[in-house]
Amino acid sequence: MADRRIRMKPGKGQSALGFVVGLVMSVIGLSVVIPMAGAFGILWTLVAVGITVMHGLNVFTDKGVFSHEIMIEDRDVGETESGGKTGEAEKGEEYEPGKASLRLEEVKDLYEKGLITAEEYEAKRKQILEEL
């Protein structure tokens, strides 16, 4: 399997607030900051308009603008950062089949937290049981 990327955008409520704040900042930029600060005022207003447009798209359209990305590295369920398996003995010791219950609990916990799909849960559960 390949690594998975999940893209997220702010919720409608958060974007509605961002839209209102962006509008207020734009009006302040046009009426106060540009006349007083010149080039900085133009920058201020452009940023405010960008904020307003981004949040407006999120509030008023289904497409919206994604602001976060989560990357999920694909490795076997129960695999540690170093490549070893959780529930297995450390430093080359023999794996004890009695620890299968711990591995099953770990996989169930991952499934309940929504970190793996039902299919991935069932496949890993079957694999652990076959190793007994």
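Starting afresh in each chain, residues are numbered from 1 along the sequence in its written order. Only residues with pLDDT of at least 70 get local features here, since the model is predicted, and only at 80 or more are side-chain atom pairs given and counted; chain-wide, interface and lining totals rely on the full set of residues. To get the side-chain values, take all heavy atoms of the structure and skip hydrogens and water.

For the rest of this paragraph, the subject is helix H1 (residues 12-37). Each α-helix winds once per 3.6 residues, and so residues spaced three or four apart point in a common direction. Across the chain, bend at a residue is computed as the angle between axes fitted to the seven residues ending at that point and the seven starting from it. We count a stretch as a helix when DSSP gives it H or I for four or more residues in a row; a strand needs E for two or more, and each element gets its number in order from the N terminus. At Gly29, H1 is deflected by roughly 50°, the largest bend along its length. A simple rule labels every residue: compare its accessible area, found with a 1.4 Å probe on the protein chains alone, to the largest value its type can have, and call it buried under 20%, exposed over 50%, or partly exposed in between. Within H1, burial applies to Ser15, Gly18, Gly22, Ser26, Gly29 and Val33. Any pair of residues with heavy atoms lying within 4.5 Å of one another is described as a contacting pair. Turning to H1, the residues buried within the fold contact helix H2 (39-60). A positive backbone phi angle near 60° is found at Gly38, which sits one or two residues after H1.

Attention now goes to the environment of Met25. Mapped onto the secondary structure, Met25 falls in helix H1. Note on Met25: relative accessible area 22%, which makes it partly exposed. In the structure, Met25 is positioned 26 residues away from Ile51 in sequence and 9.2 Å away in space, judged by C-alpha atoms. Not counting residues up to four positions away in its chain, the partners in contact with Met25 are Trp44 and Ala48.

A pair of packed helices is characterised by two quantities: the angle between their axes and the separation of those axes. The convention used is that axes are lines fitted to C-alpha atoms, helices contributing only their stretch in contact, and that angles between N-to-C directions extend from 0 to 180 degrees. The N-to-C vectors of helix H3 (residues 100-112) and helix H4 (residues 118-130) enclose an angle of 180°; their axes lie 10 Å apart at closest approach. When the axes of H3 and H4 are compared, the pair comes out roughly antiparallel. Across the interface between the two elements, Ala100, Arg103, Leu104, Val107, Lys108 and Tyr111 from H3 touch Ala118, Tyr121, Lys124, Arg125, Ile128 and Leu129 from H4. The residue inventory of the contact of H3 with H4, partitioned by class, reads eight nonpolar, no polar and four charged. Angles are sorted into four bins: roughly parallel if under 35 degrees, roughly antiparallel if over 145, roughly perpendicular if 65 to 115, and oblique for all others. Under the scheme applied here, ten amino acids are nonpolar (Ala, Val, Leu, Ile, Met, Phe, Trp, Tyr, Cys and Pro), four are charged (Asp, Glu, Lys and Arg), and all others, including Gly, are polar.

Glancing now at the pattern of salt bridges. Close approach of charged atoms allows side chains of opposite charge to pair. Counted as salt bridges are all cases of a side-chain nitrogen of Lys or Arg within 4 Å of a carboxyl oxygen of Asp or Glu. This model, assessed by the stated rule, comprises five salt bridges. One salt bridge in this structure joins Arg103 and Glu131, with 2.6 Å as the shortest N-O distance. Placement of Arg103 in helix H3 and of Glu131 in the segment after H4 is noted, with a sequence separation of 28 residues between them. Taking the relative accessible area as the measure of exposure, Arg103 reaches 5% and is therefore buried. Two residues, Glu112 and Lys108, come together in a salt bridge whose shortest N-O distance is 4.0 Å. One end of the pair is Glu112 and the other is Lys108, both in helix H3 and four residues apart, which spans about a single turn.

Before going further, it helps to examine the environment of Val59. On the secondary structure map, Val59 appears in helix H2. As a C-alpha pair, Val59 and Ser15 span 44 residues in sequence and 5.9 Å in three-dimensional space. Sequence-distant contacts of Val59, that is, excluding residues within four places in its chain, are made with Lys12, Ser15 and Ala16.

Take it as geometry only, folks, not as evidence of what the structure does.
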